[in-house]
Amino acid sequence: MSYSPAPTPPWPGESDSPSLSKSSHARTETDSGPVEHESVLEALREQVVAGEQDTEVLLDAITVAAQIVTAASGSALGMRRDGFVTCVGRSGETAPEIGARLNEESGISGECLRTGRTLRCADTETDPRVDAEVCRVLRIRSIATVPVRSNNATVGLLEVFSTEPRAFADEHVAFLSSLAGLAEMACAHIDFRALPDAIPTFAQSPPDEVESPIT
């Protein structure tokens, strides 16, 4: 995962995105503990279908749900805009800032965009292709990333980070894939075909367990 700061943040004068963090937490947790994945998806799906929220707010809520349900230390949603994949949703301490641009040429995030494949890095400390020092600074030990698709192209990605190795199971990846579908629905009014540099999507494949380099 490698992001570089965007010259101008999407929300000038604000340090973070518009957020449904409090309401999203209410939908994903109860006094007795976490609710089922399907309950979270259904609540978010209802919001997306209703079309009463701004797209940015919906994307933020989806990203918050990704972090909470997978127990990640951070989550990020990147979408292609103006020729760049930009962070449009974030949650947690290990997430990039809103407005950060993704480096599409390297790392597990770039590979997800280029190939349209779901990927996992089980442990950043054991993969010689990973810049372990950078991961230590970011306190990231494992990553899962899924593509966001539209019109047979990869137009973004949703990823989660953890300070613990091997943090993300198959059920987490399946949940992230469902959330990525909701992100595509929330952006359905955007004609991604008209945007430059849309990356063709390859066939869906199981999560790649080979740990991928990140920078």
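Residues numbered from 1 in each chain as written. Predicted model: local features only at pLDDT ≥ 70, side-chain atom pairs only at ≥ 80, totals over all residues. Heavy atoms only, no water.

With that settled, consider the nonpolar core. Counting residues in each nonpolar core, the largest one holds 32 residues, and the members touching the most others are L77 and L179. Elements supplying a minimum of two residues to this core: helix 2 (37-50), helix 3 (55-70), strand 4 (74-81), strand 8 (142-150), strand 9 (153-162) and helix 6 (170-186). Contact partners of L179, with chain neighbours within four places excluded, come to L41, L44, I62, A65, A66 and L158. Among the nonpolar cores identified, the runner-up in size contains 15 residues, and L113, C121, I143 and L157 belong to it. (Core = buried A, V, L, I, M, F, W, Y, C linked by side-chain atoms within 4.5 Å. Buried < 20%, exposed > 50% of the residue type's maximum accessible area, 1.4 Å probe, protein only. Helix = DSSP H or I, 4+ residues; strand = E, 2+ residues; numbered from the N terminus. Contact = heavy atoms within 4.5 Å.)

Our focus in this paragraph is helix 3. In a regular helix each residue adds 1.5 Å, so 16 residues correspond to 22 Å; helix 3 covers 23 Å between its end C-alpha atoms and thus fits that length. The element helix 3 is extensively covered by neighbouring structure, given that 15 of its 16 residues are classed as buried. Of the residues one or two after helix 3, A71 is the one with positive phi, at around 60 degrees. (Expected span 1.5 Å × (residues − 1).)

The share of residues in the chain with pLDDT of 70 or more is 69%, and the mean pLDDT across the chain is 75. Note on residues 191-206: pLDDT is under 50 here. Beyond four places in sequence and across chains, it has 42 contacts. For the stretch residues 209-215, pLDDT sits under 50, and the model shows 36 contacts to residues farther than four places along the chain or on other chains. (pLDDT = per-residue confidence, 0-100.)

Take the pairing of strand 4 next. Summarising burial for strand 4: seven of the eight residues are buried, a large majority. One ladder, built from eight bridges, connects strand 4 with strand 5 (residues 84-92); its direction is antiparallel. Paired with G78 across the strands is C87, a residue of strand 5. Adjacent in sequence and paired antiparallel, strand 4 and strand 5 are bridged by two residues, among which D82 carries a positive phi angle near 55 degrees. The pairing of strand 4 with strand 9 spans six bridges and is antiparallel. (Pairing = 2+ DSSP bridges.)

Okay, the packing of aromatic side chains next. In this structure the tally under the stated criterion is zero aromatic pairs. Note that R101 overlies the ring of F84, its terminal NZ or CZ placed 3.8 Å from the centroid. (Phe/Tyr/Trp six-rings, centres within 6.5 Å; stacked < 30°, edge-to-face > 60°. Lys NZ or Arg CZ within 6 Å of the ring centre and 35° of its normal.)

The subject of this paragraph is unusual backbone geometry. Of note, N151 is a non-glycine position whose phi angle comes to about 50 degrees, a positive value. By the element assignment, N151 lies in the loop between strand 8 and strand 9. Looking at N151, the relative accessible area reads 42%, which means it is partly exposed. Positive phi values are uncommon outside glycine, yet N152 reaches one of about 60 degrees. Looking at where N152 falls in the secondary structure, it is placed in the loop between strand 8 and strand 9.

So, on to the pairing of strand 9. Within strand 9, 10 of the 10 residues are buried, which leaves it mostly tucked inside the rest of the structure. As consecutive antiparallel partners, strand 8 and strand 9 are separated by two residues, and within that stretch N151 has a phi angle of approximately 50 degrees, a positive value.

Moving on: the packing of helix 2 against helix 6. Contact geometry for helix 2 and helix 6: axes closest at 10 Å, N-to-C directions at 5 degrees. In terms of axis orientation, helix 2 runs roughly parallel to helix 6. Contacts between helix 2 and helix 6 involve H37, V40, L41, L44, R45, V48 and V49 from the former and E171, F175, S178, L179, L182, M185 and A186 from the latter. Split into classes, the residues belonging to the contact of helix 2 with helix 6 amount to 10 nonpolar, two polar and two charged. (Axes fitted to C-alpha atoms, helices over the stretch in contact; angles between N-to-C directions. Parallel < 35°, antiparallel > 145°, perpendicular 65-115°, else oblique. Nonpolar A, V, L, I, M, F, W, Y, C, P; charged D, E, K, R; others polar.)

Bringing helix 4 (residues 107-115) into the picture now. Every buried residue of helix 4 is listed here: G107, I108, S109, G110, C112 and L113. Once helix 4 finishes, G116 follows within two positions and takes phi at roughly 70 degrees, a positive value.

This next bit is on the side chain of T70. Summarising the element assignment, T70 is placed in helix 3. Its relative accessible area of 2% is what places T70 among the buried residues. If sequence neighbours within four positions are ignored, T70 has contacts with V160, F168, H172, F175 and L176.

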